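# An overview of the molecular structure
What follows is the residue order along each chain.
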Amino acid sequence: MNPTARLLLELGAVLLGLGAVGRFAGRIGLSPIPLYLLAGLAFGTGGLLPLEAPASFFATGSEVGVVLLLLVLGLEYTADELITNVRRQASVGMLDLLLNGLPGAAFAVVLGWGPLAALAMFGVTAISSSGIISKVLTDLGRLGNRETPAVLSVLVIEDLAMAVYLPVLTALIAASSTASAVYSVLVALGTLAVVLIIALRYGDVVTRFVGARSDEVLLLRVLGLALVVAGAAEAAHVSAAVGAFLLGIALSGEVAEHIRGLLGPLRDIFAAVFFVFFGLSTDPASLPSELLPAAVLAIVSVATKLITGWVAGRRTGVGPAGRLRAGAALVARREFSIIIAGLVGASVIPAFAPTVAGYVLMMAVLGPLAPRLVDPLARRLARQAAARRADPPAKKRSHDPRPRPSGEPSDREMS
Amino acid sequence: MEVEVEETRLPGIGLRHDFVTAQGRRIGVISQRNGVRHVVLYDEEDSDACAATVELTLEESEVVAELLGAPRITERFARLREQVEGLATEGLPIAPGSPFVNATLGNTAIRTRTGASVVAVLRGDEAFASPTPDFRFRAGDRLIVVGTKDGVSAVRALLASG
């Protein structure tokens, strides 16, 4: 068969397959991402249906996918929002990163993977997926909940921390000796500082530069600029993802809103390619032996995010039910863990990528489920809190053993 | 009573405004940056959680705003009528054949002749509060008249016969 025909046929078949998988995921209320990963595993080397022709398309497409994912994430934030959030929520953010990152790092140390892999695992377990979380909160109608600002603040801090963390990791991976590692980390952080200041201070200049009346011109300009910035960032070891994220922050106002709408469909396609590519480049044969450690790590990570949410919720003054919901909302991990695994690659530790693949599969499934699963418990906590408010423990009535009819708050009985 | 509205920033999403009603229910509005609005009603038992969320497009939220805002003028007149004893308030229509069609408020000398005042004119969806003497009436206008009971009846008679 002629190579063009083969490329188009295989690529088309993969996209059609993803479409079917996405529809199935939507029906059962799951995020399609774990299924995309599984599809990638099936099509890759050693999988059920190895594909040859589209491999190079997926390799390039997945790089574009990272850039688009992070660009759109950056578009959601304004510089002003980021600064006020860091000032107010820094302590919760630090707690979140340490509490969730350290188990990952400890995991790598216990398995004897060395310091670089420990740093990488810190990032894999620390950073939640803002993409999954804001979608789940919207779908469940919880945007208005009083614990939601606490959840969103944690996400903002994580995303900003990621912008510092990824350059450090990228520089360390690229470096060959301790001295060159220190040097390249400093260069990366210096570049980051300059770009961050441009993004925060001169966002309106950047926005005016890309602004255009025609959608087509706007799309080409933004995409072109994003790839140039991402490429330059990668060259300076700041990481392409961070470059795109900072560009997203710099773009602001109505133009940013408009770009988000334009880029949305493009982002969805290339993000799917990105997740499939990660599956493609992971050998399914190496996966089963890593599933048990990944499951242990997953259980620990669920627990640490629940604690983070509880603390963040209490700080903003929500009740126990809201604190539990905040923790459950934060459970999801996804794109950052995979971006990190992609950076580390197989060069450092062969078991790294399959472990992260197993971990992300579990967390991306658990993430959207957790908020639903804790709901009955949250309701119980809310009922208890309502009962306590109505019946202060000082009164004799609080020892009344008579069970309350469920669903009927006690304060209504009294009035 | 002043309603205390709480404003909360939702990073990456927009703004939330909410308040507790006199009845003790918390309601709120989320304004997303892309123009989408969510009306949220909080749970009675767990005041941190939403019991219901309704998503509105920009056009739909304008409709809701109008529905909630428009009847207020009529309401205020109704209250005025209750508040002041011995004072009558009534909305009187100008029929198409009325001699008041195309006359100005000054020409008709309503206050001099009846003692009652025209405090507002409702025309379609518009309300003209405190019309000036050069305000010109049209068929279908509704005059909001305040005065003694006899005064208001006299205005009604004038509108019909001139």
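Predicted, not measured: the structure shown is a model, and the values here were computed from it. (Residues numbered from 1 in each chain as written. Chains lettered and ligands numbered in written order. Predicted model: local features only at pLDDT ≥ 70, side-chain atom pairs only at ≥ 80, totals over all residues.)

### Focus: the overall build of chain B
Put simply, the rule is: A helix here means a DSSP run of H or I that spans at least four residues, while a strand means a run of E at least two residues long, and both kinds are numbered starting from the N terminus. Contact definition: two residues whose C-beta atoms, as placed from backbone geometry, lie within 7 Å.
Assigned secondary structure in chain B consists of 5 helices and 9 strands. Sequence-ordered secondary structure for chain B, helices as α and strands as β, is β-β-β-β-β-α-α-β-α-α-β-β-β-α. In chain B, 46% of the contacts between residues at least 6 apart in sequence involve partners at least 24 apart.

### With respect to the interface of chain A and chain B
We count it as follows: Residue polarity is assigned by list, with Asp, Glu, Lys and Arg as charged and Ala, Val, Leu, Ile, Met, Phe, Trp, Tyr, Cys and Pro as nonpolar; anything else, Gly included, falls into the polar class.
Contact residues are listed per partner, giving 26 residues for chain A and 20 residues for chain B. Breaking the side of chain A that touches chain B down by element, the ones donating at least two residues are α4 (79–110), α7 (148–174), α14 (320–329) and α17 (375–390) of chain A. The element best represented in the side of chain A that touches chain B is α7(A), accounting for 5 residues. Of the residues that constitute the side of chain A that touches chain B, the class distribution is 10 nonpolar, 9 polar and 7 charged.

### Thoughts on the confidence of the model for chain A
Residue and element names in this part refer to chain A. Rules: Scored from 0 to 100, pLDDT reflects the predictor's confidence in each residue.
Residues with a pLDDT of 70 or more make up 92% of chain A, whose mean pLDDT is 84. Element-level mean pLDDT values for chain A span from 39 in helix α18 (residues 410–414) up to 93 in helix α13 (residues 288–315). A low-confidence stretch, residues 395–415 stays under pLDDT 50, and its non-local contacts, those more than four residues away or across chains, total 17 contacts.

### Description of the packing of helix α3 (residues 55–75) of chain A against helix α11 (residues 240–250) of chain A
Residues and elements named next belong to chain A. Put simply, the rule is: A fitted line through C-alpha atoms represents every axis, and for helices the fit uses only the stretch in contact; the resulting angles, taken between N-to-C directions, go from 0 to 180 degrees. Orientation is classified from the angle alone, with under 35 degrees giving roughly parallel, over 145 giving roughly antiparallel, 65 to 115 giving roughly perpendicular, and any other angle giving oblique. The hand of a helix crossing depends on one turn: near helix anticlockwise from the far one by less than a right angle means left-handed, and clockwise means right-handed.
Interhelical geometry of α3 versus α11 gives an angle of 30 degrees and a closest axis separation of 7 Å. Here α3 lies roughly parallel to α11, going by the angle between them. The crossing of α3 and α11 is right-handed. Contacts from E63, V66, V67, L70, L71, V72, L73, G74 and L75 in α3 reach A240, A241, A244, F245, L246, L247, G248 and I249 in α11. Of the residues that constitute the contact of α3 with α11, the class distribution is 14 nonpolar, 2 polar and 1 charged.

### Structural notes on helix α10 (residues 215–235) of chain A
All names here are of chain A. Rule in force here: Here the expected span of a helix is defined as 1.5 Å times the quantity of residues minus one. Put plainly, a residue is buried at 20 or more neighbouring C-beta atoms within 10 Å of its own, exposed at 12 or fewer, and partly exposed in between, counting only other residues' C-beta atoms, which are placed from the backbone. Think of the arc as the fan of directions from the helix axis to the C-beta atoms.
For α10, spanning 21 residues, the distance from its first C-alpha to its last is 30 Å, which sits close to the expected 30 Å at 1.5 Å a residue. Along α10, the residues that are buried comprise V222, A226, V229, A230 and A233. Relative to the axis of α10, the buried residues are bounded by an arc of 100 degrees and lie together on one face. Across from the buried face of α10, at angles greater than 90 degrees, the exposed residues are E216, V217, G224, V228 and A235. Residues of α10 that are buried make contact with α3, α9 (203–210), α11 and α12 (253–280). Looking one or two residues beyond α10, the residue adopting positive phi is H237, at roughly 60 degrees.

### Things to note about the pairing of strand β2 (residues 14–20) of chain B
Residue and element names in this part refer to chain B. Basically, it comes down to this: For two strands to count as paired, DSSP must find a minimum of two bridges between them.
Inspection of the sheet shows strand β1 (residues 6–10) paired to β2 by 5 bridges, in the antiparallel sense. Residue pairing in the sheet places L10 in a bridge with G14 of β2. Hairpin connection of β1 to β2: 3 residues between the antiparallel strands, including G12 at a positive phi of 85 degrees. Bridge count between β2 and strand β3 (residues 26–32): 7 bridges; the pairing is antiparallel. The partner of R16 across the bridge, within β3, is I30.

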